[in-house]
Amino acid sequence: ALTGPPAGAASKWDIREKVWDHLEASGLAEFPRPVHGRIPNFKGSFQACCSVRELDVFSRAREVKVDPDKPLEGVRLAALQARKTLLVPTPRLRAGLFNKIVPPPGATKEILRKCATSQGVREYSVPVGLDGKAQVDLVVVGSVAVSEKGWRIGKGEGYADMEYAMMVSMGAVQEDTPVVTIVHDCQVLDIAEELLDDHDLTVDYILTPTRTIKTHCKRPKPRGIIWHKASYLSSYEMLGKIPILKTLRSREKQAGKDVTLQDDHPALADTNRAAALNEKVMAANAQAQAAPGSAHVGQPHVESDPLNPRLEGCDTITSVYVGNFPPSLRVSELKCALREFHVTPFRLNWQGAQHRAFLDYRDAGAAERAVSSLQGLSLGGHALRVELAKSQRNKG
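A quick note: this is a predicted structure, and the numbers were derived from the prediction, not measured.

(A) Representation of the side chain of Thr215 within the structure. Here Thr215 lies in the loop between strand E10 (212-214) and helix H8 (236-241). With relative accessibility at 8%, the residue Thr215 sits in the buried group. Separated by 2.7 Å, the side chain of Thr215 and the backbone oxygen of Val203 make a polar contact. In this view, Thr215 contacts Ser147, Glu148, Lys149, Gly150, Val203, Asp204, Tyr205 and Ile206; residues no more than four positions away in its chain are not counted.

Rendered as structure tokens:
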């Protein structure tokens, strides 16, 4: 069995990596592989899903929201077979909030099985937006790790937390709406409560291939989006990616609620930025490791990356030196950090073999702001060395 680290000894990302590594090394991981960076599918997931039929909260539910992750496919099928209304969040919320799965009249068992898959969700669904008057009786989410107390850790992008908060805001769930998660037994760990944030969703039931756990969790679930603390929003960046989130913020503002974003509170942004950045950087690293053929920065190569082609015509540039990279650092992680601190250069000269990079800016002021913003930043456990480059170079 996989046991959790002592309280306070591990971050959320440490726990994620431990679970992903164990599932792969033990042969428990199932398609899609590798499970790193995902809500992991595992051997016995369908068996665990079938246990949902034995829950009173499932039997009583008329409308069920189930995440689109592969290990939850069996719950989606169970909901369809029981003739319940099935809502599945749209991928990354780009096209709205939910898809309502509508099987064709007289659907056979095979058609229902297809409707429960990701392909079926695309082919047999209609969108449900903020005005869809959804009344969700049961929420089923995926997890990377969960504790018997109901503390949940997802894959680090915050979508399950955001979806629940949005459902609260639109009146689709109530304080007592039960939340279920499906995991392998090895994903049930001790998790320190200090790791939980106000926006983190907790669970009431945990279903594994061998157990049904009622958590009796007393920690309040999110009561809506906490706009100024929701680091997973990436503030304005995320609003641009999720139109329905922007609409919801506008409605709540009209209703007189405080919808000030973290980016509008410099002090709050500074306080929360380190934790949020660590989550995003590690997520970028996991995705890079999962990508076939991804190059490791320890390999000797120099990469010139024009991040903003519109500025390529600048005659004078000012460069910032960033060094002391850990050997495992990837260029994607550095780019993530630069975006997070709003100091993206127009060109990045990556020299991974030398554990350094040069950031080119269009003027000295932008370069100095980058040096100031990045001072004290640690990536991969290494405190970076950040300073203006020794010479200001002319382009070409």
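(B) View of the packing of aromatic side chains. For the structure shown, the criterion picks out 3 aromatic pairs. Summarising the aromatic geometry, the rings of Trp13 and Trp20 are spaced 5.5 Å apart at their centres and angled 75° between planes, so their arrangement reads as edge-to-face. Trp20 gets classed as buried once you look at its relative accessible area, which sits at 0%. The ring of Phe58 has Lys84 sitting right over it, with the charged end atom 4.9 Å from the ring centre.

(C) Molecular detail of the sheet that holds strand E2 (residues 85-89). Spatial strand order, E4-E3-E2-E1-E5-E8-E9-E10: 8 strands in an open sheet with mixed pairing. Pairing within the sheet leaves two strands with one partner each, and these edge strands are strand E4 (125-128) and E10. Each strand axis lies, on average, 25° off the axis of its neighbour in the sheet, ignoring direction. Of the pairings in the sheet, the one linking strand E1 (residues 63-66) to E2 comprises 3 bridges and is parallel in character. The residue of E2 that forms the bridge with Val64 is Leu86.

What counts and what doesn't
Residues numbered from 1 in each chain as written. Predicted model: local features only at pLDDT ≥ 70, side-chain atom pairs only at ≥ 80, totals over all residues. Heavy atoms only, no water. Helix = DSSP H or I, 4+ residues; strand = E, 2+ residues; numbered from the N terminus. Buried < 20%, exposed > 50% of the residue type's maximum accessible area, 1.4 Å probe, protein only. Polar contact = N/O pair within 3.5 Å; in protein donor to acceptor, adjacent residues only side chain to side chain. Contact = heavy atoms within 4.5 Å. Phe/Tyr/Trp six-rings, centres within 6.5 Å; stacked < 30°, edge-to-face > 60°. Lys NZ or Arg CZ within 6 Å of the ring centre and 35° of its normal. Pairing = 2+ DSSP bridges. Axes fitted to C-alpha atoms, helices over the stretch in contact; angles between N-to-C directions.

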